[in-house]
Structures are given as structure tokens and as C-alpha cells.
Amino acid sequence: MSQEKIAMVGTPCEIMAASKIQQYTNSPIYFKIGLFCMENFSYLYFTKLLESIDLTMDEIEKFRIEKGYAFFNLKNGEQIKISLSKAKTVVRKNCNICVELTSETSDVSVGSIGSENGWSTVIIRTKKGEKIINDAIKQKYLKAKELTPSQLKLLERIASNKAKSNHEIIEERESKARPVLYQRDKTDENIMEEIFESNFDDLRANVINVGSCVLCGACEYVCPEELILIKNTKPRKKRKPCPPDCHTCFAVCPRTFVPVKLRNDLSKKIGNYRKILSVKSLRHNKGQDGVVVTTILDYLISNNKVTETLIVDKKDDLAWKPVAKLTKDIDEIVKASGTKYSVCPVFKPLKQLKKDVI
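Here the structure is a predicted model, which is why all the values come from computation and not from measurement.

Rules and cut-offs
- Residues numbered from 1 in each chain as written.
- Predicted model: local features only at pLDDT ≥ 70, side-chain atom pairs only at ≥ 80, totals over all residues.
- Heavy atoms only, no water.
- Helix = DSSP H or I, 4+ residues; strand = E, 2+ residues; numbered from the N terminus.
- Rg over C-alpha atoms; globule rule 2.2 N^0.38 Å.
- Buried < 20%, exposed > 50% of the residue type's maximum accessible area, 1.4 Å probe, protein only.
- Areas by Shrake-Rupley, 256 points an atom, 1.4 Å probe, with all protein chains shown as cover.
- Lys, Arg positive; Asp, Glu negative; His and termini not counted.
- Charge placed at Lys NZ, Arg CZ, Asp CG, Glu CD.
- Axes fitted to C-alpha atoms, helices over the stretch in contact; angles between N-to-C directions.
- Parallel < 35°, antiparallel > 145°, perpendicular 65-115°, else oblique.
- Contact = heavy atoms within 4.5 Å.
- Nonpolar A, V, L, I, M, F, W, Y, C, P; charged D, E, K, R; others polar.
- Pairing = 2+ DSSP bridges.
- Right-handed = clockwise from strand over helix to strand, strands pointing away.
- Phe/Tyr/Trp six-rings, centres within 6.5 Å; stacked < 30°, edge-to-face > 60°.
- Lys NZ or Arg CZ within 6 Å of the ring centre and 35° of its normal.

Novice: Help me understand the overall build of the protein, please; the structure alone is not making it clear to me.
Specialist: Looking only at helices and strands, the protein features 11 helices and 13 strands. Against the compact-globule benchmark of 21 Å for 358 residues, the protein has a radius of gyration of 20 Å, which places it among compact chains. Dimensions of the protein, computed from the C-alpha atoms along their principal axes, are close to 55 × 50 × 40 Å. Out of the 358 residues in the protein, the part that is buried amounts to 53%. For the protein, the accessible area works out to roughly 16,800 Å², and carbon and sulfur atoms hold 48% of it. Between the mean site of the 60 positive side-chain charges and the mean site of the 45 negative ones, the protein shows a separation of 2 Å.

Novice: I keep staring at the packing of helix 4 (residues 127–138) against helix 10 (residues 292–302) and nothing clicks. Help me out?
Specialist: Working note: a packed helix pair is described by the angle between its axes plus the distance between those axes. Contact geometry for helix 4 and helix 10: axes closest at 10 Å, N-to-C directions at 90°. Between helix 4 and helix 10, the crossing angle belongs to the class labelled roughly perpendicular. Where helix 4 abuts helix 10, its residues Ile132, Ile133, Asp135 and Ala136 lie against Ile296, Tyr299 and Leu300. Class assignment of the residues belonging to the contact of helix 4 with helix 10 gives a composition of 6 nonpolar, no polar and 1 charged.

Novice: I would appreciate a short explanation of the pairing of strand 1 (residues 6–10) in the present structure.
Specialist: Two faces make up the sheet, and in a regular strand the side chains alternate between them. Counting buried positions along strand 1 gives 5 out of 5 residues, so the element sits mostly inside the fold. Of the two faces of strand 1, the one carrying Ile6, Met8 and Gly10 and the one carrying Ala7 and Val9 are both buried. Pairing of strand 1 with strand 2 (residues 29–35), which is carried by 5 bridges, proceeds in the parallel orientation. Bridge assignment links Gly10 to a residue of strand 2, and that residue is Gly34. Following the backbone out of strand 1, through helix 1 (residues 12–24) and into the adjacent parallel strand 2, one traces a crossover that is right-handed. Judged from the 3 bridges that link them, strand 1 and strand 12 (residues 308–314) form a sheet pairing that is parallel. In the sheet register, Ala7 faces strand 12, and the bridge partner there is Thr309.

Novice: Before we go on, may I ask you to explain the pairing of strand 4 (residues 69–74) in this structure?
Specialist: Here strand 3 (residues 60–66) runs beside strand 4; their pairing, made up of 6 bridges, is antiparallel. The residue bridging Ile60 from the neighbouring strand is Leu74, located in strand 4. If you look at the hairpin formed by strand 3 and strand 4, you'll find 2 residues sitting between the two strands, and Lys67 has a positive phi there, around 55°. Sheet analysis places strand 4 next to strand 5 (residues 79–83), joined by 5 bridges and oriented antiparallel. Bridge pairing links Phe71 to Lys81 in strand 5. The turn linking strand 4 back onto strand 5 is made up of 4 residues, and Gly77 within it adopts a positive phi angle of 95°.

Novice: Hey, could you run me through the sheet that holds strand 4 in this one?
Specialist: Adjacent strands of a sheet form backbone hydrogen bonds with each other and so pair up, either parallel or antiparallel. Here 3 strands make up an open sheet; going across it, the order is 3-4-5 and the pairing antiparallel. Of all strands in the sheet, those with a lone pairing partner are strand 3 and strand 5, marking the two edges. Direction aside, neighbouring strands of the sheet carry axes that sit 20° apart on average.

Novice: Even after reading the chapter, I still don't get the packing of aromatic side chains, so can you show me in this structure?
Specialist: How two aromatic rings sit relative to each other is given by the distance of their centres and the angle of their planes. Per the counting criterion, the structure on display carries 10 aromatic pairs. A centroid spacing of 5.7 Å and a plane angle of 45° characterise the contact between Phe63 and Phe72, whose relative ring orientation is tilted. Relative accessible area serves as the criterion here: at 4%, Phe63 is assigned to the buried category. Of the aromatic side chains, those joined through ring pairs into one cluster are Phe41, Phe46, Phe63, Phe72, Trp320 and Tyr341. The ring of Tyr69 carries Lys81 above its face, with NZ or CZ at 4.2 Å from the centroid.

Structure below.
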């Protein structure tokens, strides 16, 4: 087993990829913090949308989405908002087939929905997640209170609405022979049969070419021959045949067949969980809502629970362009806090740590 123990932060699709990486490979990923996510935006088209309102990414200090609007806090102190319906015109198309709001295969899920301003909702899903949150509370990293029934009802309603709306899109796509493999109801035995008959060509045909790729970079990370490349576009493969016995890229993609224990149960609006709390940081004040993600990562690093964290920061030379990083520096974790609302190949930094995979 790898000596590295990595804590990662990701959206539902990225967390699903991480869970499949754990399932099918010898993974260094130890702790998964999942984010609540309705959708992400194309960086290129969002930039063009801002241009239409005479705004650039460089002018934005912070932005967030809530209450039907996208709010932009500018570096000059002004705030500008646009309707969410207008912002949704540049949503990445693969987001329309996601039925998860709350990162159901994470150890803990974190988001603002349900909690009051300045607090975050934390869904504790695993025994490991429960111990870490409890210890962080005991050590005064976090404070917590119960989520009220009305707050929980709001969270469940929004999660259910996303699942219902996007499942209708999935059914429409399937009717037009545009496959959505990850929603197929298959046994684990049948899934393994499919995996051992598939390689990057099948991934390209059934995921990438039909607009289902989430650009997480899982395929690039696990490729033992380093044939798969992701830069600023969708995954592509070098002009060299895949080894005949390698199927790992197809196995770990979050938009290919999902094992039974990881599969979304649409009857459970926010998935399986052990406890739900409303949580606020006692250590940090720079970040999103209750600054909970930053504080959990601080706790994990400071108490040697993990060796490094896999986070998403912004590029220094391109405003709000996300870039994944491995770090154990608390200051760098704090600097990277806050939602980016766009995507990048989050697993790319793990290539330097890659060990044996199946």
C-alpha cells in the first residue's frame, strides 16, 4: 500500500471518480471531502458572458451563487449580480446528467444549503468522517449544532429537484442513443465483464464524444503507460495502442458503470449518512460560508492524519482559472479557499505519487 495519505476536496463527480479509483486501484486517497454542487460553468464561455456585461475575470474579488443570482464582488468594492438563468446558459453540458447534489460517496459532504449565513451544512457519511469531525470539534477547530427539521427539508427538496430534473434529461438522451452509462442498473459481475472488454476507445465513444466527460482527469492519472493527456481540452490519447490487458481508464471514470455500493439511490434524496450538522470554523474566517473545508484540512494536516491535501486553487497568471495542487502548507490551503465554479483535472497532481494500479 502507498505510504501517502491524501485528503481531497471535490464536486460530486470528482468524488465519484475518487471512490472508483479507491475501488479499482491502490489509491493514496484517504479522506474525501465532497462539495454540494448544482453545476459548474465553462471557463471560456463564462468569460464571454462577463464580457457581455462589460466585466472581466480580473476585476472579480469573489463570487458566489445563491437565491437565484450569481453575485460578483469586485476589487473596487462594487457588487454586480446577474440572474442564475442567464448564468446557466454557460453551464457545462455534462452537468445536466448529474443526479447528485451532495457528493454521496464522500466521507463528509459540505455546502451552504440548509444552514444560516456564516455556517455550513456538514453531512457525515462514514465512521472515519464522524471521528474526524468529532475530534475537530473537541480540539476547538469547529463548532457545531443540529440542523433543524426545516433546514433539512430544504436541503432534501433542492437535492430531489436536481435529481428529478436531470434524470429526465438522462432519459431523453438515452432515447436518442446518447448513452449515460453511469445510470445503468447492472450487477457488479456484469460491470466487471464490461470493464474487461473496454479501453480508452470505448471511453471516448461512450463518454467523451457524447458530452459526458467531467474533465476530472481520473483517466489520465491511472493510465500506466501515460498515454492519456488532458491540457485545456477533453482527454485524448497518444497515437499508440493501449496494452491489451489494461482497462483502468474505463473503470475509474465517474461516467462509466458504477458499482452497486457506490450507486446513487434516487429514493434517498441526499444519500446515506450517519449525522447532519450545521458547522462553523473556530480557526479561520477567510473562505466560503462557515470556512469548514479549510478548517477540516487544517485539522487533518496539523494532527498528521494525512500527509498532503489535494485542493483546487486559482492560477496566478489567469484570473479564476482553477488548478489542482498537492500541499501540506496551511497558508496555501487558506489561500485556495472558496468555490471556483469551473473545473480542472483534479487528479493530475497525483501522477507524481502514482503507485501500482490494476
